[in-house]
Amino acid sequence: MIEEILPPNVVVAEAYDDSAPAELYPEEARLVANSVDSRRREFATARLCVRRCLAQLGLPPGPLLPGRHGAPRWPESVTGSITHCTGYRVAALARTSDVAMMGIDAEPDHPLPAGVLESIALPGEIARLRGLRAADPGVCWDRLLFSMKEAVYKAWYPATGRRLDFGDADIEVDAAATSFTARILPSGPRNSGGAALLKGRWTARRNLVVSAVVVPKVVAAPRAQSGRTPAS
Ligand SMILES: CC(C)(COP(=O)(O)OP(=O)(O)OC[C@H]1O[C@@H](n2cnc3c(N)ncnc32)[C@H](O)[C@@H]1OP(=O)(O)O)[C@@H](O)C(=O)NCCC(=O)NCCS
């Protein structure tokens, strides 16, 4: 279901249960050796999704290990993102020649526990959620906002090496266009590099809310020709 909100140059593999987990490489298995069973299963299913994506890109399988702060260390020439929640596991990958930043996140379409919204949302975001809820009470907009922030973080951190708190991104949702914009606020000390605007898409189906942020790689335009040849 996430395919509908991703551009065509992003490949996707998804699973709705853990019936076909990957056989883990020893270095992957070590990472979850002491984890609870459910974590081991979601990890192995997501690794299978990653290998399916690599195959779609014509790349061989291999262990996918975490780097700093848990961000996956993708093979060279590839970037991507992983999410898992109850009933859904997804990997999305693209060539770094096409995509500069990518983050995906899925959550159950259930309201956030009491008190959580106030700790993850800015006052302006909470006010805008009221409008979204009034227009379409069928979507858990608070959970979707949380998912969007997670997707923003997963795109932002690996590309910049800078962590974000939930208050560091101000998200505006366009319900009709199933899109959103995240303004990374420049005020925090972690973001002293300046403001940035990330665009994302969202969907809510099958009791899930899903968000994706994909920043295309900008290819420099060729320089205008002067019309002179070296000999002229
Ligand atoms: C890292 C984090 C975003 C993961 O999200 P989650 O909803 O808990 O879990 P998900 O299943 O959706 O995603 C887990 C996957 O995210 C990826 N991930 C973990 N840390 C990451 C990071 N620093 N950067 C990018 N991706 C990361 C991993 O691939 C992980 O799966 P794996 O361990 O099986 O490889 C979340 O735990 C977190 O730390 N959030 C706080 C920071 C934040 O979101 N700030 C909001 C800023 S606006």
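Since this is a predicted model, take the numbers as computed values, not measurements.

Cut-offs applied
For every chain, the first residue of its written sequence is number 1, and the numbers climb from 1 along that sequence. The predicted nature of this model means local features are confined to residues of pLDDT at least 70 and side-chain atom pairs, given and counted, to a pLDDT of 80 or more, with totals for whole chains, interfaces and linings taken over all residues. Note that the side-chain values use all heavy atoms of the structure and ignore hydrogens as well as water. pLDDT is a residue-level measure of predictor confidence that goes from 0 to 100. Working rule for contacts: check all heavy atoms of both residues, and any pair within 4.5 Å makes them a contact. Residues are labelled near a given molecule or strand when at least one of their non-hydrogen atoms is within 4 Å of it. Whenever a nitrogen or oxygen atom comes within 3.5 Å of another N or O atom, the pair is scored as a polar contact, on the condition that within protein one atom can donate a hydrogen and the other can accept it, and that pairs from neighbouring residues in sequence are kept only if both atoms are in side chains. Under the scheme used here, helices are H or I runs from DSSP no shorter than 4 residues and strands are E runs no shorter than 2 residues, and both carry numbers assigned from the N terminus. Under this grouping Gly is polar, as are all residues other than the nonpolar Ala, Val, Leu, Ile, Met, Phe, Trp, Tyr, Cys and Pro and the charged Asp, Glu, Lys and Arg. The criterion for strand pairing is that DSSP finds at least two bridges linking the strands in question. To get an axis, a line is fitted to the C-alpha atoms, and for a helix only the part in contact is used. The angle between two axes follows their N-to-C directions and goes from 0 to 180 degrees. Note on definitions: salt bridges are taken to be side-chain nitrogens of Lys or Arg within 4 Å of carboxyl oxygens of Asp or Glu. Accessible area is worked out with a 1.4 Å probe on protein chains only. A residue is then buried under 20% of its type maximum, exposed over 50%, and partly exposed in between. By this rule the span expected of a helix is its residue count minus one, scaled by 1.5 Å.

## Some details on the confidence of the model for the protein
Scored by pLDDT, the protein has a mean of 93; 92% of the residues are at 70 or more. Contacts for the low-pLDDT stretch residues 227-232, under 50 throughout, to residues beyond four places or in other chains number 0 contacts.

## Considering the site of the ligand
Around the ligand sit 22 residues in total, of which R39, T83, H84, E150 and K154 are the nearest. Within the backbone of H69, one N or O atom sits 2.8 Å away from a nitrogen atom of the ligand. Of all the secondary-structure elements, those providing two or more residues to the shell around the ligand are helix 2 (37-56), strand 2 (78-85), strand 4 (99-108) and helix 5 (141-160). When its residues are assigned to classes, the shell around the ligand shows 10 nonpolar, 4 polar and 8 charged.

## Quick look at the sheet that holds strand 1 (residues 11-15)
The sheet built from 3 strands is open, its strands ordered 1-3-2 with antiparallel pairing. Edge positions in the sheet fall to strand 1 and strand 2, since each has one partner strand and no second. Recorded for the sheet is a direction-independent mean angle of 10° between the axes of neighbouring strands. Pairing of strand 2 with strand 3 (residues 88-95) involves 8 bridges; the strand directions are antiparallel. Following the sheet pairing, C85 is matched in strand 3 by Y88.

## Some words on the pattern of salt bridges
One side chain can pair with another of opposite charge once the charged atoms of both are near each other. Throughout the structure, instances matching the rule amount to 12 salt bridges. When the shortest N-O distance is used, the salt bridge between D37 and R40 registers 3.3 Å. Of this pair, D37 and R40 both sit in helix 2, separated by 3 residues, roughly a single helical turn. Judged by its relative accessible area of 41%, D37 is partly exposed. One salt bridge connects R41 with D37, and the closest N-O pair in it is separated by 3.2 Å. Here R41 pairs with D37, and both are found in helix 2, just 4 residues apart, close to one helical turn. The partly exposed category is assigned to R41, whose relative accessible area is 39%. Taken together, the salt bridges that share partners define one network made up of E28, R47 and R51.

## A look at helix 2
For helix 2, with 20 residues, the first-to-last C-alpha span of 29 Å sits near the 28 Å given by 1.5 Å per residue. Taken residue by residue, helix 2 has E42, F43, A44, T45, A46, R47, L48, C49, V50, R51, C53 and L54 as its buried positions. Buried positions along helix 2 lie against strand 1, helix 1 (26-31), strand 2 and strand 3. Positive backbone phi, at 75°, marks G58, one or two positions downstream of helix 2.

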